[in-house]
Amino acid sequence: MSTRELRTTDASAARDVIGIDIGGTNVDVALADRTGAVLGRMRLATLAENGPDQALKRIADVVGELSRRSAAAGRAPVVGYAAVCPGVVQANRILMAPNLPGWENLALARQLADSLGISGIEVCNDVRAGALAELRYGALRGVDPGVYVSLGTGIAAALAVGGSVLAGAHQAAGEIAYLIPVGTPRERHSDGEAPLEALIGGKALGERASALLGGQVSAQDLFSRTDPAALRLVEPALDALTAAVANIAVFIDPERVVIGGGMMGSADVILPALAERLRRVVPFAPEVAAARFTVDASLHGAIALALRPPRTHIRGA
């Protein structure tokens, strides 16, 4: 478990919250003030394969420790809590979250609130949380409508409209990994398949590059190369990404598309290529911009969700 030192301030001005970002490997917990600034932070291993109960108990211990440190520093009591995690986070279950095996039947909001001994907690998907952070503090601030695309091991997106991030009827808005690119074989239109992610997700690109180019090649390594063999993988990936974002842009007409996620280490290649391609194929091409939060986007989103300012929330959550 790792920690960071807690900052102090005038308790009369405090409106502190706690945000929790649950990932397949680690859980980050942060205490933040009313501006979203992180005052203190702790990290613990998820140990997801051991089930959710042990994780929720240890999360509660960390939240309790941060709350005690806050009180000792003379701050006001914590007034809001939010937690985010991968997958489709519904009231009584978490779906499509392979990095959290055995968590399928977890009622995250209820069970985490019980573990923390509080009356309620806001919960949502981690990518929509990242979009909320951009809407509140980052590259989507003042943008309407806007699209947030997270490019990492996988791929997902979120729509910001009217000061809200759309959750969808089943809390599944933005699962663009399941878009079906033209030419995808019919046999891959099956349960559990994510055709777009198989083309442009960081894990899939790295595996394909390693197999074809030799050695261990990550997606970032691939995008940094300019040799013909690498470009034969990079160009189709950029074309598939462009097609997906272009189709979204034609339907929604966003003012700006913000790109975040772990593959932003290759932003110098991805962003100009995507912008140039969109200008060619979209009648009213959106601006393409880098996300402000390329690290800890979900955690900052959890903080924003816990603060819940008017008209800046997850619509439908």
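Our structure is the block above this text.
Please read all numbers here as calculations on a predicted model, not as lab measurements. (Residues numbered from 1 in each chain as written. Predicted model: local features only at pLDDT ≥ 70, side-chain atom pairs only at ≥ 80, totals over all residues. Heavy atoms only, no water.)

Chemist: With reference to specific residues and values, describe the pairing of strand E13 (residues 287–290).
Modeler: In summary, the side chains of a regular strand alternate between the two faces of the sheet. Pairing analysis gives four bridges linking strand E12 (residues 256–260) to E13, with the strands arranged parallel. Residue Val257 lies in a different strand from E13, and its bridge partner there is Val288. The parallel pair E12 and E13 is bridged by helix H8 (residues 267–281), and the resulting crossover is right-handed. (Pairing = 2+ DSSP bridges. Helix = DSSP H or I, 4+ residues; strand = E, 2+ residues; numbered from the N terminus. Right-handed = clockwise from strand over helix to strand, strands pointing away.)

Chemist: Quick rundown of the pairing of strand E4 (residues 38–45)? Include the residues and the values.
Modeler: In the sheet, strand E3 (residues 26–32) pairs with E4 via seven bridges, with the strands oriented antiparallel. Of the residues in E4, the one forming a bridge with Ala32 is Val38. Linking E3 back to E4 in an antiparallel pair, the connection comprises five residues, with Gly36 at a positive phi of about 90 degrees.

Chemist: I'd like a description of helix H3 (residues 126–137), backed by residues and values.
Modeler: The end-to-end C-alpha distance of H3, which contains twelve residues, comes to 16 Å, matching closely the 16 Å that a straight helix rising 1.5 Å per residue would cover. Burial within H3 is extensive, with twelve of its twelve residues counted as buried. Of the residues making up H3, those classed as buried are Asp126, Val127, Arg128, Ala129, Gly130, Ala131, Leu132, Ala133, Glu134, Leu135, Arg136 and Tyr137. Between a side-chain oxygen at the N-terminus of H3 and the backbone nitrogen of Val127 the separation is 2.8 Å; the capping residue is Asn125. (Expected span 1.5 Å × (residues − 1). Buried < 20%, exposed > 50% of the residue type's maximum accessible area, 1.4 Å probe, protein only. Polar contact = N/O pair within 3.5 Å; in protein donor to acceptor, adjacent residues only side chain to side chain.)

Chemist: Lay out the state of the cysteines in plain terms, naming residues and giving numbers.
Modeler: According to the stated counting rule, one finds zero disulfides in the structure shown. Here Cys85 stays free of any disulfide, with the sulfur of Cys124 as its closest cysteine sulfur at 8.7 Å. On the accessibility criterion, Cys85 (1% relative accessible area) is buried. Overall, the relative accessible area of 2% leaves Cys124 in the buried class. (Disulfide = S-S within 2.5 Å.)

Chemist: Talk me through unusual backbone geometry; I want residue IDs and the actual numbers.
Modeler: Geometrically, the link from Asp144 to Pro145 is a cis peptide bond, its omega value of -10 degrees lying close to zero. Examined against the element boundaries, Pro145 turns out to sit in the loop between H3 and strand E9 (146–151). At Gln171, a residue that is not glycine, the phi angle is positive and equals roughly 60 degrees. By the secondary structure assignment, Gln171 is in the loop between strand E11 (164–166) and helix H4 (195–200). Classification of Gln171 as buried rests on a relative accessible area of 14%. The backbone of Asp296 sits at a positive phi, close to 65 degrees, despite the residue not being glycine.

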